[in-house]
Amino acid sequence: MKEEVNKLIIVIPIFNEVDGIVRIFPAFEEYINQSKFEVNLLLVNDGSTDNSLDEIRKAAAYYEHVDFISFEKNAGLSAAIRAGFEKSTSDWVGYIDADLQTDPMDFLKLEALIPDYDLVTGRREGRKDSAVKKMSSTFANWFRDSMLHDGVHDSGCPLKIMRRSTALGMPFFKGMHRFFPALTLIQGKKVIEIPVNHFPRITGKSKFNVWNRLLSPLLDTIALRWLKNRQVDYTITEISITSPKAGINE
């Protein structure tokens, strides 16, 4: 019997995106209307120092399908995504960046493949980024796949749907958002990557530089390679655990 999926919570991390927050909700309207699921948006304010939190509060008060959580101070993208997944109440969770360089309508493509896969992730086609950003991303993806063999071309694409249990089963560390496919496969779960749209950034500024886009991910890849090689698989064939008897130690 095929698993029934009724609800999907999409996590949207936000750090100093005050000018772009108002664009999010009209961009999601058509997708929410066409989705076969009950879709809710969970905005995660990652310690913004502009007026992003004020705009988030207004949106949560106005839109029935919008909730939010807010950090005391900036903790980074991985922490924001993880916190959103932890606070979600659905079996399936999605993720998209607030800059809307990926298209909410492409969630329709992703949701068509669940629950046959534990993670459905996008691959940005015709990326509208700078040459330096594209070159560093291409090299990082090549290096990651060479070391981890996850078979994914665009691991960091900010458009994903996954089982919440799979997401919470991943080790948490700074930068983990770049390795969702590999961390899913390490659990013995199923991953598929499909093409999605990509647009130029309209508002806000990129939060990444050479260190956190290239050097840090390379070190994380090496650490994950070690973890992958050290994992231990086992299968229990029989179990007998005696429950405490009433009256004992009373």
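Residues numbered from 1 in each chain as written. Predicted model: local features only at pLDDT ≥ 70, side-chain atom pairs only at ≥ 80, totals over all residues. Heavy atoms only, no water.

**Digging into the overall build of the protein**
As a reminder, the rule being used: Helix numbering and strand numbering both begin at the N terminus, where a helix is a DSSP run of H or I of at least 4 residues and a strand a DSSP run of E of at least 2. Think of it in three bands: with a 1.4 Å probe and only protein chains considered, a residue is buried below 20% of the maximum accessible area for its type, exposed above 50%, and partly exposed in between. Working rule for contacts: check all heavy atoms of both residues, and any pair within 4.5 Å makes them a contact. Method for areas: the Shrake-Rupley scheme with a 1.4 Å probe, in which residue coverage is limited to the protein chains shown.
On a plain count of helices and strands, the protein comes out with eight helices and seven strands. Buried positions account for 48% of the 250 residues belonging to the protein. Considering only intrachain contacts with a sequence separation of at least 6, the fraction spanning at least 24 residues in the protein is 81%. Surface accessibility of the protein: about 13,500 Å² in total, with carbon and sulfur atoms responsible for 54%.

**With respect to the sheet that holds strand β3 (residues 66-70)**
For clarity, the threshold we go by: The pairing criterion is simple: DSSP has to find at least two bridges between the two strands. Inter-axis angles, ranging from 0 to 180 degrees, are taken between N-to-C directions of lines fitted to C-alpha atoms, where helices are fitted over the stretch in contact.
What the seven strands build is an open sheet, ordered β3-β2-β1-β4-β6-β5-β7; its pairing is mixed. The strands lining the two open edges of the sheet, one partner per strand, are β3 and β7 (191-196). Put simply, the sheet's adjacent strands are angled 25° from each other on average, direction ignored. Along the sheet face, helix α2 (residues 52-62) touches β1 (7-14), β2 (38-45) and β3 and points at about 150° away from the line of β3. The strands that helix α3 (residues 77-87) touches are β1, β2, β3, β4 (92-96) and β6 (159-163); relative to β1, the one it contacts most, it runs at about 155°.

**Describing unusual backbone geometry**
Following Ile114, the chain continues to Pro115 via a peptide bond in cis, the omega torsion being 10°. The residue Asn16 is not glycine, and still its phi comes out positive at about 55°. Inspection of the secondary structure assignment puts Asn16 in the loop between β1 and α1 (21-34). Its identity is not glycine, yet Leu100 carries a phi of approximately 55°, on the positive side. Assignment of secondary structure puts Leu100 in the loop between β4 and α4 (107-111).

**A word on a nonpolar patch on the surface**
Rule in force here: Like charges within 9 Å and nonpolar side chains (Val, Leu, Ile, Met, Phe, Trp, Tyr) within 5 Å are joined into patches, using only residues over 30% in relative accessible area that form no salt bridge. Note on definitions: salt bridges are taken to be side-chain nitrogens of Lys or Arg within 4 Å of carboxyl oxygens of Asp or Glu.
Where nonpolar side chains cluster on the molecular surface, the patch consists of Ile236, Ile239 and Ile241 and spans about 370 Å² of accessible area. Looking at the element boundaries, Ile236 is found in the segment after α8 (210-230).

**Section: the packing of α1 against α2**
Using the following cut-off: Amino acids outside the nonpolar list (Ala, Val, Leu, Ile, Met, Phe, Trp, Tyr, Cys, Pro) and the charged list (Asp, Glu, Lys, Arg) are all regarded as polar, and Gly is one of them.
Packing of α1 against α2 leaves a shortest axis separation of 9 Å and a crossing angle of 30°. Residue-level inspection shows Ile21, Val22 and Phe25 of α1 in contact with α2, the latter providing Ser52, Glu55, Ile56 and Ala59. When grouped by side-chain class, the residues that make up the contact of α1 with α2 number five nonpolar, one polar and one charged.

**Overview of the packing of aromatic side chains**
For any two aromatic rings, the description comes down to two numbers: the centre-to-centre distance and the angle of the planes. Let me state the cut-off plainly: Only rings of Phe, Tyr and Trp enter the pairing, Trp through its six-membered ring, and a pair is recorded when the two centres are within 6.5 Å. The plane angle decides the type: under 30 degrees is stacked, over 60 is edge-to-face, the rest tilted.
In this structure the tally under the stated criterion is seven aromatic pairs. Aromatic side chains Phe28 and Tyr31 sit 6.4 Å apart centroid to centroid with 65° between the ring planes, which places their arrangement in the edge-to-face category. With a gap of three residues between them, Phe28 and Tyr31 both fall in helix α1, about one helical turn apart. Across this residue pair, the class does not change: Phe28 and Tyr31 are buried. With 5.6 Å between their ring centres and 35° between their planes, Tyr31 and Phe107 make a pair best called tilted. With Tyr31 in helix α1 and Phe107 in helix α4, this pair connects stretches of sequence that are 76 residues apart. Taking the relative accessible area as the measure of exposure, Tyr31 reaches 0% and is therefore buried.

**Quick notes on the nonpolar core**
Applied cut-off: For this analysis, a nonpolar core means a set of buried residues of the types Ala, Val, Leu, Ile, Met, Phe, Trp, Tyr and Cys, connected via side-chain atoms within 4.5 Å.
Residues Ile10, Ile12, Phe28, Leu41 and Phe107 are the most contacted members of the largest nonpolar core, which totals 31 residues. Those elements that provide at least two residues to this core are β1, α1, β2, α2, β4, α4, β6 and β7. Per-element tally for this core: the top contributor is α1, with five residues. Non-local contacts of Leu41, meaning those with residues more than four positions away in its chain, are made with Ile10, Ile12, Ile24, Phe25, Phe28, His65, Val66 and Asp67.

**What to know about the pattern of salt bridges**
Under the defined criterion, the tally for this structure stands at eight salt bridges. The closest approach of N and O atoms between Glu125 and Arg123, which form a salt bridge, is 3.3 Å. Since its relative accessible area comes to 40%, Glu125 is described here as partly exposed.

**Some points on the pairing of β4**
Within β4, five of the five residues are buried, which leaves the element mostly enclosed by the surrounding structure. Of the two faces of β4, the one carrying Trp92, Gly94 and Ile96 and the one carrying Val93 and Tyr95 are both buried. Where β1 and β4 come together, four bridges link them in parallel fashion. Within β4, the position partnered with Ile9 by the bridge is Val93. In the sheet, β4 pairs with β6 via five bridges, with the strands oriented antiparallel.

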